[in-house]
Amino acid sequence: MNRLGPVEAARRIAAERHPEAVAAFVCGSVLTEHRTAYSDLDLVVMLDGAPAPYRSSFVEAGWPVEMFVHTDETWHDFVERETAGRSSPLLFMCAHGELLLDHDGSGARLAEEARKRLAAGPPPATPEELEHRRYALTDLLDDLAGCADPAERLFIVTALAQRAAELALLVRGRWLGGGKWLARRLQAAEPGLAERLDPAVRNALEARPEALVALVDEVLESAGGRLWDGFKNA
């Protein structure tokens, strides 16, 4: 399919959809070596007021587009909420995206702020949160040990993989992510662990769980070990 390059397409879309924009970024996998035929354009557009904030998905200029429209105030509100959850796609988009237009300097300021916030890292996990995550992983390991149903095993194993990756990142004070971004965050923080997780999960799905159990226990040990007996959640 013939279509404009991602930066040119994003610049045109931003100008046509919001000629009043004060700044705009194009972001995401489409600008990296992870780009595929299915990559979309992530577009952050900054306005002075209405109709921001809103999010919209559409196809234009031959590209699937996800557009995130904000004012300075709503951008900071969203970032604060995302940071509290230790996963801020908006920060990553503005820190690593390409600035398409910047009429008043606010785009460069947001990009710099996003980079500083990312470098500072997310809020540390509380002892109570770590205990809860240790308990949940311990419970899943017990479920896996007693599992003889392949359908149940599928969901137990995938839950173990996700929760173990999240705990590994929390212990290291790193940002979380969802889907492919969880994999990329783990790869960046702990490459060896990420590389071992894939074959361990595949083996566990075939009722050979030893490697996955060992890996999850390794992650648990970094947070204090398994926890079940005596756990109390208020």
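Structure first, text after, so check above.
Not measured: the values here are computed from a predicted model.

What counts and how
Residues numbered from 1 in each chain as written. Predicted model: local features only at pLDDT ≥ 70, side-chain atom pairs only at ≥ 80, totals over all residues. Heavy atoms only, no water. Core = buried A, V, L, I, M, F, W, Y, C linked by side-chain atoms within 4.5 Å. Buried < 20%, exposed > 50% of the residue type's maximum accessible area, 1.4 Å probe, protein only. Helix = DSSP H or I, 4+ residues; strand = E, 2+ residues; numbered from the N terminus. Contact = heavy atoms within 4.5 Å. Pairing = 2+ DSSP bridges. Axes fitted to C-alpha atoms, helices over the stretch in contact; angles between N-to-C directions. Patch = residues over 30% accessible without salt bridge, like charges linked within 9 Å, V, L, I, M, F, W, Y side chains within 5 Å. Areas by Shrake-Rupley, 256 points an atom, 1.4 Å probe, with all protein chains shown as cover. Salt bridge = Lys/Arg side-chain N within 4 Å of Asp/Glu carboxyl O.

Caption draft 1: Just the nonpolar core, in detail. Grouped together as the largest cluster of nonpolar side chains are 33 residues, with contacts concentrated most on Leu137, Leu160, Leu167, Leu186, Leu197, Leu212 and Val216. Secondary-structure elements contributing two or more residues to this core are α5 (127–145), α6 (150–171), α7 (180–189), α8 (191–205) and α9 (210–223). At 10 residues, α6 tops the list of elements feeding residues into this core. The contact partners of Leu160, leaving out residues within four places of it in the chain, are Leu137, Leu140, Leu141, Leu144, Leu212 and Val216. Of all hydrophobic cores here, the second largest spans 21 residues; its members include Ile13, Ala24, Val69 and Leu101.

Caption draft 2: Here's a closer look at the sheet that holds strand β3 (residues 54–60). Spatial strand order, β3-β4-β2-β1-β5: five strands in an open sheet with mixed pairing. What marks the edges here is a single partner per strand, and that holds for β3 and β5 (98–102). Neighbour-to-neighbour, the strand axes of this sheet turn through a mean angle of 20°, independent of strand direction. With five bridges joining them, strand β1 (residues 23–27) and strand β2 (residues 41–46) adopt antiparallel strand pairing. Within the sheet, the bridge partner assigned to Phe25 lies in β2 and is Val44. Contacts between helix α3 (residues 89–96) and the sheet are confined to β1, β2, β4 (63–70) and β5, with β2 contributing the most and set at about 90° to the helix.

Caption draft 3: Representation of a nonpolar patch on the surface in the model. A cluster of nonpolar side chains, contributed by Leu154, Phe155 and Leu205, occupies part of the molecular surface with about 290 Å² of accessible area. Among the secondary structure elements, Leu205 is positioned in helix α8.

Caption draft 4: Structural context of the environment of Leu47. As for its placement among the helices and strands, Leu47 is situated in the loop between β2 and β3. Judged by its relative accessible area of 3%, Leu47 falls in the buried class. Once residues within four sequence positions are removed from consideration, Leu47 is found in contact with His18, Glu20, Ala21, Val22, Ala52, Val69, His70, Thr71 and Asp72.

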